[in-house]
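Below, each chain spelled out in residue letters.
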Amino acid sequence: MTETAPATLTVPSHVAIIMDGNGRWAKQRGRPRSFGHSKGVDAVRKTVEAAGKLGIRHLTLFSFSTENWNRPADEVGALFELLKRYVEADLNTLDRRGVKVQVAGRRDDLSPDILEIIERAERQTADNTDFFLTIAFNYGGRDEIVRACRSIADDVAGGQIDPARIDEALFSTRVDTAGIPDVDLLIRTSGEQRISNFLLWQAAYAELLFLDVLWPDFSPAHLEGAVREYAARDRRYGGVNAGAA
Ligand code: IPE
Ligand code: IPE
Ligand code: MG
């Protein structure tokens, strides 16, 4: 994962993707939703590799939301099984390529086998620095913000933090993505145009891109097109551009 992107492109440092549309993809083929999810894993593999080649350093993938517990138990089970199988199958390859794997999301309601695999992935790749892959699993933006607040409140109650010192920089150290830069480009596949509780804090100034492709059909060419679109955007952060009247 050391190739660099074409020099003319402004490459986003952090790309986050809401991988949506697996169920519709399967339905179009008369297959169960779980078939779409397992095809989605192939798209994950290709996307991780393509992101490194394009010069993206941080990739965050939304794979299970705190709201996805509302799905039928067999689908939830299939999604958990897929995370396990993906990590088991790909961890050594990711590690060899210098990928640091981190998992964002709440952990207190995950089963020991899932926790074990998440912790193993994080431990094994902890010292890697070539590429940063964050899997948002059992993740909700509001839940993350509440957990961050609670952790700060604990320190205030314990006397370690003076409330006057709480600012955006301190808060950023308490979210699950601490140490990872804010999202530059947020992509959602499947044509839906909503955030669905993803990275509410980190995507405050992200460029949003909604694509009419179902996740299992998402290819490196789509990612490259998204990076091109990003490069053509004008990020102002509330200010004005140099040269503006
Ligand atoms: C995205 O695909 C995967 C997850 C949310 C886990 P969906 O399962 O939401 O597919 P659609 O949106 O129903 O087509
Ligand atoms: C968002 O997709 C969650 C993931 C991709 C993991 P959903 O399909 O769950 O979102 P909604 O229900 O369309 O908002
Ligand atoms: Mg969906």
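Just so you know, these numbers come straight off a predicted model, no measurement behind them. Counting starts from 1 at the beginning of each chain's written sequence and moves along it residue by residue. Chain A is the first chain written and ligand 1 is the first ligand written, with later ones labelled in order. Only residues with pLDDT of at least 70 are given local features in this predicted model, and only at 80 or more are side-chain atom pairs given and counted; all residues enter the totals for whole chains, interfaces and linings. The side-chain numbers reported here are obtained from all heavy atoms of the structure, hydrogens and water having been left aside.

### Let's talk about the site of ligand 2
With respect to spatial proximity, the complete set of residues near ligand 2 consists of Ile18, Met19, Asp20, Phe62, Ser63, Phe64, Asn68, Arg71, Arg188, Arg194 and Ser196. Here a polar contact means two N or O atoms within 3.5 Å. Within protein one must be a hydrogen donor candidate and the other an acceptor candidate, and residues neighboring in sequence count only if both atoms are side-chain atoms. Within the contact set of ligand 2, an oxygen atom lies 3.2 Å away from a side-chain nitrogen or oxygen of Asp20. Interatomic distance of 2.6 Å between a side-chain N/O atom of Ser196 and an oxygen atom of ligand 2. In these tables, accessible area is a Shrake-Rupley quantity obtained with a 1.4 Å probe, and a residue counts as shielded only by the protein chains included in the view. Burial of ligand 2 by the surrounding chains reaches 78%, relative to a free accessible area of 390 Å². Broken down by element, the residue count for the shell around ligand 2 peaks at three residues, all from strand β2 (residues 58–65). Definition of nearness: a residue and a molecule or strand are near each other if at least one heavy atom of the residue lies within 4 Å of the molecule or strand. Strands are runs of DSSP state E lasting at least two residues, helices are runs of H or I lasting at least four, and both sets are numbered from the N terminus onward.

### A word on the site of ligand 1
Close to ligand 1 lie 13 residues, the nearest being Asp20, Gly23, Arg24, Arg33 and Arg71. With respect to ligand 1, the side chain of Asp20 contributes an N or O atom lying 2.8 Å from an oxygen atom. A distance of 3.1 Å separates an oxygen atom of ligand 1 from a polar backbone atom of Asn22. Protein contact buries 87% of the 380 Å² of open area that ligand 1 shows by itself. In a pocket analysis with a 2 Å cut-off to the grid points, ligand 1 is assigned to the largest pocket. For the shell around ligand 1, the secondary structure elements donating two or more residues are α1 (22–28), α2 (33–54) and α3 (73–96). The greatest single-element share of the shell around ligand 1, amounting to three residues, is contributed by α1. Under the scheme applied, nonpolar residues are Ala, Val, Leu, Ile, Met, Phe, Trp, Tyr, Cys and Pro; charged residues are Asp, Glu, Lys and Arg; polar residues are all the others, including Gly. For the shell around ligand 1, a count of residues per class yields two nonpolar, six polar and five charged. The definitions used throughout rest on a 1 Å grid laid over the protein atoms alone, on which a cavity is an enclosed set of points accommodating a 1.4 Å probe that cannot get out and a pocket is an open set flanked by protein within 12 Å on both sides along at least five of seven lines; lining residues are those having an atom within 4 Å of a point. Grid points define the cavity or pocket, and a molecule sits in it when more than half of its atoms lie within 2 Å of them.

### Comments concerning the pairing of β2
Buried residues dominate β2, accounting for seven of its eight residues. Two strands pair when backbone bridges link them, and strand β1 (residues 14–18) and β2 are joined in this way by five bridges, in the parallel orientation. If you follow Ala16 over to β2, its bridge partner there is Thr60. Sheet topology note: the β2/strand β4 (residues 131–139) ladder contains seven bridges and is parallel. Looking across to β4, one finds that His58 is bridged to Phe132. For the exposure calls, accessible area comes from a 1.4 Å probe over protein chains only, and a residue counts as buried if that area is under 20% of its type's maximum, exposed if over 50%, partly exposed in between. At least two bridges found by DSSP between two strands are what make those strands a pair.

### Notes on empty space enclosed by the protein
Grid points are joined across faces, edges and corners, and a volume is the space filled by probe spheres set on the points. Applying the stated criterion to the full structure yields one cavity of 30 Å³ or more. Approximately 30 Å³ is the volume found for the largest cavity. When residues of the lining of the largest cavity are traced back to their parent elements, those giving at least two are α3 and β4. The element best represented in the lining of the largest cavity is α3, accounting for four residues.

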